[in-house]
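Okay, here's what each chain looks like letter by letter:
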Amino acid sequence: MGKLIQICGSAFTGSTMLDLMLGNAPDAFSSGEINSWYRPWHSDNFKIMCGCEQRPCPVWIDLQDVPEDQYHISVMRQLSVNYVIDSSKFLHWIIDSIRWASANNISMVHLLIWKNPIEHAYSHWKRGRSLKKWRKRFIKYHRRFFEINIPFCAVNYNELVKYPQSKLSDICSIIDMPYFPGKERFWEKEHHYLFGNPGVRKQVENRNSFIQSKVNYPKDFIRIIDPLEKNIAEDDSIQKIISVLKRKDVSSQNQKDNAVQNFQLKKPYPFWYY
């Protein structure tokens, strides 16, 4: 049976881009944030808007009525792919997906993508979100993720966009997926993913793009970088999380065994699941 690649991470960390990079292969399928189709939380989630821009999408005509617990296995069977990538991120969905994969004899790998704190804070700031919200989300997500005790490897977004070839090659080695030169150019393939980052969607639609490795911060944000860096450096909660993420980096030695070991969820699940 095939392999399910779950891309986890807090909001605005590049999960859609990593999803599509890994899905850029003939035997792989990028799902995007498929949980939002089955468990809609926004009005836009009630309509399939596939990344291929076809209306209706020929792929989703056959998939849209598949039950959620059969989604991953159905993609593998109906589309004849060996890898399904799912960047839903929501921890409830991840827990349920582990149960479904186990029931269907699907192996899994969990990749936890994260951004350097300043850039992650900026991703919230430019969308009008408060910096307090960035910190709260970052800490809450990672604490809960670690609480589940899922085997995982961490992917630093900033390193991925700076060194896409080498970093993606390391990731592919971990998940036993063939790497080929140009795999990072995800916009060259017609994808059928749902939801996710609208900026990445535009890159796919244009079919002619590039990977931006450096962010040009506006003056208003530059003025607050120094005190923000000081606060982050002195924040024990943030630093402890970053320490774990660096230790689990996908390019570190002996990470493959940690990422692909057999894993069984133990009940009761954490209180926030219910």
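All figures in this text were calculated on a predicted structure; none of them were measured in a lab.

Trainee: Mind showing me how you'd approach the packing of helix α5 (residues 91–103) against helix α7 (residues 131–148) here?
Mentor: To describe two helices that pack against each other, one gives the angle between their axes and the distance between the axes. Two elements in contact, α5 and α7, have axes separated by 11 Å at closest approach and are oriented at 20°. Here α5 is positioned roughly parallel relative to α7, judged by the angle of their axes. Considering how the two elements wind past one another, α5 and α7 form a crossing that is right-handed. Contact with α5, carried on its side by Leu 91, Ile 94 and Ile 95, involves Tyr 141, Arg 144, Phe 145 and Ile 148 of α7 and no other residues of that element.

Trainee: Honestly, the sheet that holds strand β3 (residues 83–86) in this entry has me stumped. Any pointers?
Mentor: Note on sheets: strands pair through backbone hydrogen bonds, and any given pair is parallel or antiparallel. Strand order in the open sheet made by the five strands is β2-β3-β1-β4-β5, with parallel pairing throughout. The open sheet has two edge strands, β2 (28–30) and β5 (153–156), and neither has a second partner. This sheet shows a mean twist of 25° between the axes of neighbouring strands, independent of strand direction. When β2 meets β3, the two strands line up parallel, connected through three bridges. Within β3, the residue paired with Phe 29 across the bridge is Val 84.

Trainee: Can you help me understand the confidence of the model for the chain in this one?
Mentor: As a note on interpretation, predicted positions should not be read in detail where pLDDT is low. The predicted model of the chain has a mean per-residue pLDDT of 91, with 96% of residues at 70 or higher. No element of the chain has a lower mean pLDDT than helix α13 (residues 255–260), which averages 62, and none a higher one than β3, which averages 98.

Trainee: Would you mind showing me how to read the packing of aromatic side chains here?
Mentor: Two numbers describe a pair of aromatic rings. These are the distance of the centres and the angle of the planes. Evaluated as defined, the whole model comprises 18 aromatic pairs. Between Trp 125 and Phe 221 the ring centres are 5.2 Å apart and the planes differ by 55°, which places this aromatic pair in the tilted class. Within this pair, whereas Trp 125 is found in helix α6 (residues 117–125), its partner Phe 221 is found in helix α11 (residues 219–233), the two being separated by 96 residues in sequence. Look at Phe 221 and you get buried, because its relative accessible area is 0%. For the pair Tyr 273 and Tyr 274, a centre-to-centre distance of 5.2 Å together with 90° between the ring planes defines the contact as edge-to-face. In textbook terms, an aromatic cluster arises when at least three aromatic residues are bridged by ring pairs, as seen for Tyr 38, Trp 60, Tyr 71, Trp 93 and Trp 100. It is Lys 115 that lies over the ring of Tyr 157; its NZ or CZ is 4.8 Å from the centre.

Procedures and definitions
Residues numbered from 1 in each chain as written. Predicted model: local features only at pLDDT ≥ 70, side-chain atom pairs only at ≥ 80, totals over all residues. Heavy atoms only, no water. Axes fitted to C-alpha atoms, helices over the stretch in contact; angles between N-to-C directions. Helix = DSSP H or I, 4+ residues; strand = E, 2+ residues; numbered from the N terminus. Parallel < 35°, antiparallel > 145°, perpendicular 65-115°, else oblique. Left-handed = near helix turned anticlockwise from the far one by under 90°. Contact = heavy atoms within 4.5 Å. Pairing = 2+ DSSP bridges. pLDDT = per-residue confidence, 0-100. Phe/Tyr/Trp six-rings, centres within 6.5 Å; stacked < 30°, edge-to-face > 60°. Buried < 20%, exposed > 50% of the residue type's maximum accessible area, 1.4 Å probe, protein only. Lys NZ or Arg CZ within 6 Å of the ring centre and 35° of its normal.

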